[in-house]
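# Observations on the three-dimensional arrangement
Chain residues, written in single-letter form:
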Amino acid sequence: MNRHLRYAGFCLVTLISFGCATAPETVYVTEAQQVTTQALEPVNLDSIALRQDLKSRFSRQLSPDMTDELMNDIQAQLANTKRFTKVLMNASDQETYIIEPRIENLNSFESPLNMDPTRKQVTFKARVRLDVKFMNTKGQIELVKSYSDDRKLDTKIPRKENMAFEKKQEFFKRAVTVGFRAAADRLGTGFNPSYEMGSISRINGRIAYIQINTSKIRKVPKKQQAIEVVDDDNRVLASLGELQIEDGSVSGRYFEKGGSSLKEGMKVRARVNAMLLD
């Protein structure tokens, strides 16, 4: 049953992507279109900063022992977005994306209830974020984008009651957990592969020189970099390998498809990851 459902889902995606299940050839996106498919690369989830937040800044609201539980929940939510092949915990692979959960603020306050003088309202607020960072082959780490979420939980208790620490901790935990889930969902929605467009500026033997904006290409792990020469209908004519990336240009050995011949001025597209949303 599950196998049939998966097959049906694949057919539906095919219909949406290509317009017709019996289309004779793949229709590629143009530079004005956005690719919204699954990201191919795994992503690494790092707990060091979150553990430090809980241990030093927010130990009075949450226990540092909650780090692993929160990380497991974030890992599951990121996997549920279906944008990453794997979500790895505290992996050390170089040249990859790293997601760091952080807690920015936790606070609570009480306020009277005008309609009920025998009770009061206790409000718990949490602001969390997920930092997406890129680590290059030299181990240098750069912030790419952050996805934040603000959560507020209210509860009513007797006016003379002092809420126990354990109860407060439970509300903070709920607020932080829901906040991280929402941030993870937005991160998955925003982590979409797309294309940077360029053109062939020169050909020397089997080496093609490409004029293109390389700022985003540099932030794609080498094993995931894909640069292709396409025609006016965005059909792939050749792919480039052994890439050398400079500021504003890329060179690489090209491999034709279907006997196509390359020449200067041809259009090139490079796969990048566009971080959408705030």
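Please refer to the structure placed before this passage.
Quick summary incoming for the structure in this document. Just so we're clear, the structure is a prediction, and the values are computed from it rather than from any experiment.

Counting its regular elements, the chain contains four helices and eleven strands. Scored against the burial criterion, the 278 residues of the chain give a buried share of 42%. If you take every contact in the chain between residues at least 6 apart in sequence, the share linking residues at least 24 apart comes to 72%. Total accessible area on the chain is roughly 15800 Å²; 48% of this is exposed by carbon and sulfur atoms.

Attention now moves to the environment of Asp-231. Tracing the backbone through its elements, the reader meets Asp-231 in the loop between β8 (227–230) and β9 (236–246). With 35 residues separating them in the primary sequence, Asp-231 and Met-266 have C-alpha atoms 7.1 Å apart. Contacts of Asp-231, omitting those with residues within four sequence positions, involve Leu-237 and Lys-267. Separated by 2.9 Å, the side chain of Asp-231 and the backbone nitrogen of Arg-235 make a polar contact.

Moving on, we get to helix α3 (residues 67–80). Compared with an ideal rise of 1.5 Å per residue, which puts 14 residues at 20 Å, α3 spans 20 Å between its outermost C-alpha atoms and is within 8% of the ideal. Those residues of α3 that fall on the buried side of the exposure criterion are Thr-67, Leu-70, Met-71, Ile-74 and Leu-78. Down the axis of α3, the smallest arc covering the buried residues is 100 degrees, so these residues share one side. On its buried side, α3 packs onto β1 (43–45), α2 (48–57), β2 (87–89), β3 (96–112), β4 (119–135) and α4 (165–190).

We now examine the packing of aromatic side chains. Counted under the stated rule, the structure contains three aromatic pairs. Through a chain of ring-to-ring contacts, three or more aromatic side chains come together here, namely Phe-124, Phe-171 and Phe-172. In this structure, Arg-202 packs its charged tip against the face of Tyr-209, placed 3.9 Å from the ring centre.

Let us now look at the packing of α2 against α3. Packing of α2 against α3 brings their axes to within 10 Å, and their N-to-C directions diverge by 140 degrees. Overall, the two elements α2 and α3 adopt an arrangement that is oblique. For the pair α2 and α3, the crossing hand works out as right-handed. Facing Leu-50, Arg-51 and Leu-54 of α2, the residues of α3 in contact are Thr-67, Asp-68, Leu-70 and Met-71.

Looking at the second largest pocket, its volume works out to about 320 Å³. Every residue lining the second largest pocket is counted, 14 residues in all, and those nearest its centre are Glu-95, Phe-134, Asn-136, Arg-218 and Lys-222.

Backbone hydrogen bonds hold the strands of a sheet together, and the pairing may be parallel or antiparallel. Strands sit in the order β2-β1-β3-β4-β5 across an open sheet of five strands; the sheet is mixed. Each edge of the sheet is formed by a strand with only one pairing partner; in this case those strands are β2 and β5 (141–158). When the angles between neighbouring strand axes are averaged without regard to direction, this sheet yields 25 degrees. In this structure, β1 lies alongside β2, joined through three bridges in parallel fashion. Paired with Asn-44 across the bridge in β2 is Leu-88. Sheet strands touched by α3: β1, β2, β3 and β4. Its angle to β2, the strand with the most contacts, is close to 165 degrees. Across the sheet, α4 is in contact with β3, β4 and β5; its angle to β5 comes to roughly 140 degrees.

Thresholds applied
In this numbering scheme, every chain counts its residues from 1 along its sequence in written order. For a predicted model such as this one, the threshold for reporting local features is a pLDDT of at least 70, and the threshold for listing and counting side-chain atom pairs is 80 or more; totals across whole chains, interfaces and linings nevertheless cover every residue. Only hydrogens and water are set aside when side-chain values are computed; all heavy atoms of the structure are taken into account. Here a strand is any run of E in DSSP of at least two residues, a helix any run of H or I of at least four, and the numbering for each starts at the N terminus. Note on classification: 1.4 Å probe, protein chains only; a residue is buried when its accessible area is under 20% of the maximum for its type, exposed when over 50%, partly exposed between these limits. Contacts were defined at the residue level, with two residues in contact if any of their heavy atoms lie within 4.5 Å. All accessible-area figures derive from a Shrake-Rupley calculation using a 1.4 Å probe, and residue coverage is judged against the displayed protein chains alone. N or O atoms closer than or at 3.5 Å make up a polar contact, with two conditions inside protein: a donor-capable atom paired with an acceptor-capable one, and, for residues adjacent in sequence, both atoms drawn from side chains. What a helix should span is 1.5 Å times the count of its residues minus one. What the arc describes is the spread of directions from the helix axis to the C-beta atoms. Note on aromatic contacts: the rings of Phe and Tyr and the six-membered ring of Trp form a pair at centre separations within 6.5 Å, being stacked when their planes are under 30 degrees apart, edge-to-face when over 60 apart, and tilted otherwise. Only lysine NZ and arginine CZ atoms are considered, and such an atom sits over a ring when it is within 6 Å of the ring centre and within 35 degrees of the ring normal. Angles here are taken between N-to-C directions and fall from 0 to 180 degrees, while the axes themselves are lines fitted to C-alpha atoms, restricted in helices to the stretch in contact. Note on terminology: angles under 35 degrees are roughly parallel, angles over 145 are roughly antiparallel, angles of 65 to 115 are roughly perpendicular, and the others are oblique. By definition, any crossing whose near helix is turned counterclockwise from its far helix by less than a right angle is left-handed, and any crossing with a clockwise turn is right-handed. For each structure, a 1 Å grid was placed over the protein atoms alone; sets of points admitting a 1.4 Å probe that cannot get out are labelled cavities, open sets with protein on both sides within 12 Å along at least five of seven lines are labelled pockets, and lining residues have an atom within 4 Å of a point. Grid points are joined across faces, edges and corners, and a volume is the space filled by probe spheres set on the points. A strand pair is defined by DSSP finding two or more bridges across the two strands.

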